[in-house]
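The chain contents come next:
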Amino acid sequence: MSIVKAIRRAFERGRERHWDRLYWYFDLHEVVLKPNYDERFCHELYPDAERVLKDITNRPDIVPCLYTCSHPDQIQFYIDFFAKKGIRFVYVNENPEVAWSHSSLGNYSSKPYMNVLFEDKAGFDFETDWTLVEECMKDFPVGYLPPTSDKKHTCNRGPPTFDPQENVN
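Everything quoted here is computed from the prediction, not taken from an experiment.

A.B. asks: Describe in detail the overall build of the protein, supporting the description with residues and values.
C.D. replies: In terms of helices and strands, the protein carries 4 helices and 4 strands. Going from the N terminus to the C terminus, the protein shows its helices and strands as α-β-α-β-α-β-β-α. In the protein, the proportion of contacts linking residues at least 24 apart, taken out of those at least 6 apart, comes to 81%. In the form shown here, the protein has an accessible surface area of approximately 9600 Å², with 50% of it arising from carbon and sulfur atoms.

A.B. asks: So what's going on with the packing of aromatic side chains? Which residues, and what values?
C.D. replies: By the definition in use, this model includes 19 aromatic pairs. Between Phe-11 and Phe-140, the aromatic rings sit 4.7 Å apart at their centres with planes inclined by 5°, giving stacked as the arrangement. You can see Phe-11 sitting in helix α1 (residues 3-16) and its partner Phe-140 sitting in the segment after α4 (129-137), a full 129 residues away along the chain. Each member of the pair, Phe-11 together with Phe-140, is buried. The positively charged end of Arg-15 is found above the aromatic ring belonging to Tyr-144, 4.0 Å away from the centroid.

A.B. asks: Explain the pattern of salt bridges to me, and be specific about the residues and the numbers.
C.D. replies: Taken as a whole and judged by the stated rule, the model has 9 salt bridges. The salt bridge partner of Asp-20 is Arg-21, with a shortest N-O separation of 3.1 Å. Comparing Asp-20 with Arg-21 shows no difference in burial state: the two are buried. In this structure, the salt-bridge partner of Lys-138 is Glu-135, at a minimum N-O distance of 3.1 Å.

A.B. asks: Explain the sheet that holds strand β1 (residues 22-26) residue by residue, including any values.
C.D. replies: Strand-to-strand pairing in sheets goes through backbone hydrogen bonds, with the strands running parallel or antiparallel. Strand order in the open sheet made by the 4 strands is β3-β2-β1-β4, with parallel pairing throughout. The sheet is open, and its two borders are formed by β3 (91-92) and β4 (116-118), each paired with just one other strand.

A.B. asks: Could you give me a rundown of the nonpolar core, with the residues and numbers involved?
C.D. replies: One recurring pattern in soluble globular proteins: nonpolar side chains tend to sit buried together. Within the largest apolar cluster, 44 residues are counted, with the highest numbers of intra-cluster contacts made by Ile-7, Phe-11, Trp-24, Leu-33, Phe-82, Phe-118 and Trp-130. Of all the secondary structure elements, the ones that give two or more residues to this core are α1, β1, α2 (49-57), β2 (62-66), α3 (72-83), β4 and α4. In this structure Ile-7 touches Trp-24, Val-116, Phe-118, Val-133, Cys-136 and Met-137, once residues within four positions along its chain are discounted.

A.B. asks: Tell me about the packing of α2 against α4, and name the residues and values.
C.D. replies: Following both chains from N to C, one finds α2 and α4 inclined at 35°, their axes separated by 9 Å at the closest point. In the packing of α2 onto α4, the handedness of the crossing is left-handed. Every residue of α4 that contacts α2 at Ala-49, Arg-51, Val-52, Leu-53 and Ile-56 is listed here: Trp-130, Val-133 and Glu-134. Along the lines of polarity and charge, the residues of the contact of α2 with α4 split into 6 nonpolar, no polar and 2 charged.

A.B. asks: Talk me through a positive patch on the surface; I want residue IDs and the actual numbers.
C.D. replies: Among the surface-exposed residues, Lys-5, Arg-9, Arg-13 and Arg-17 lie close enough to one another that they form a single positively charged patch. Inspection of the secondary structure puts Arg-13 in helix α1. On the basis of relative accessibility, which here comes to 33%, the residue Arg-13 falls in the partly exposed class.

A.B. asks: Can you tell me about α4, naming the residues and giving the values?
C.D. replies: The set of residues buried in α4 consists of Asp-129, Trp-130, Val-133, Cys-136 and Met-137. For α4, the angular spread of buried residues about the axis comes to 125°, placing them on one side. Tucked inside the fold, the buried residues of α4 contact α1, β1, α2, β2 and β4.

A.B. asks: Quick one: what's the story with the side chain of Asp-129, residue by residue and with numbers?
C.D. replies: For Asp-129, the location among the structural elements is in helix α4. Of the side chains with opposite charge, Arg-8 lies nearest to the buried Asp-129, which makes no salt bridge, at 12 Å. Not counting residues up to four positions away in its chain, the partners in contact with Asp-129 are Ile-3, Gly-123 and Phe-124.

Procedures and definitions
- Residues numbered from 1 in each chain as written.
- Predicted model: local features only at pLDDT ≥ 70, side-chain atom pairs only at ≥ 80, totals over all residues.
- Heavy atoms only, no water.
- Helix = DSSP H or I, 4+ residues; strand = E, 2+ residues; numbered from the N terminus.
- Contact = heavy atoms within 4.5 Å.
- Areas by Shrake-Rupley, 256 points an atom, 1.4 Å probe, with all protein chains shown as cover.
- Phe/Tyr/Trp six-rings, centres within 6.5 Å; stacked < 30°, edge-to-face > 60°.
- Buried < 20%, exposed > 50% of the residue type's maximum accessible area, 1.4 Å probe, protein only.
- Lys NZ or Arg CZ within 6 Å of the ring centre and 35° of its normal.
- Salt bridge = Lys/Arg side-chain N within 4 Å of Asp/Glu carboxyl O.
- Pairing = 2+ DSSP bridges.
- Core = buried A, V, L, I, M, F, W, Y, C linked by side-chain atoms within 4.5 Å.
- Axes fitted to C-alpha atoms, helices over the stretch in contact; angles between N-to-C directions.
- Left-handed = near helix turned anticlockwise from the far one by under 90°.
- Nonpolar A, V, L, I, M, F, W, Y, C, P; charged D, E, K, R; others polar.
- Patch = residues over 30% accessible without salt bridge, like charges linked within 9 Å, V, L, I, M, F, W, Y side chains within 5 Å.
- Lys, Arg positive; Asp, Glu negative; His and termini not counted.
- Charge placed at Lys NZ, Arg CZ, Asp CG, Glu CD.
- Arc of directions from axis to C-beta.

This is the structure in structure tokens:
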């Protein structure tokens, strides 16, 4: 599936299900940042990435999250680095807003719930996809999703719990 198809599907599903926000996850290296294997930190953003990310990460209907295997000190560096450029990330490798419960459709205790994933290993192409994303976003202005409501994603909030007696016949 292309990133544009994923974005369209997420917005359309969100509108249909009355969600007020979507969760977008961004890998860093080879998606946003050009890798530099000689240094511990990368400083060069791909063309178009900074402009498009600034728009996406400042929308009230998108919860932008980092999806990275970077070390903790690198993660803090990148959060600060992007903040100076007007790019914000809310969570890193987690989504506490959509947790797990016995009544939920999925167990998100070890894999964060997300609607869109920007990941080179999943096919994101930094050379072409940033401009396609920017063009696609014109079809989904702020307000396309309903305003904040009680209707949340399909999973209940709260920490994962397991009661071994619950499943006893």
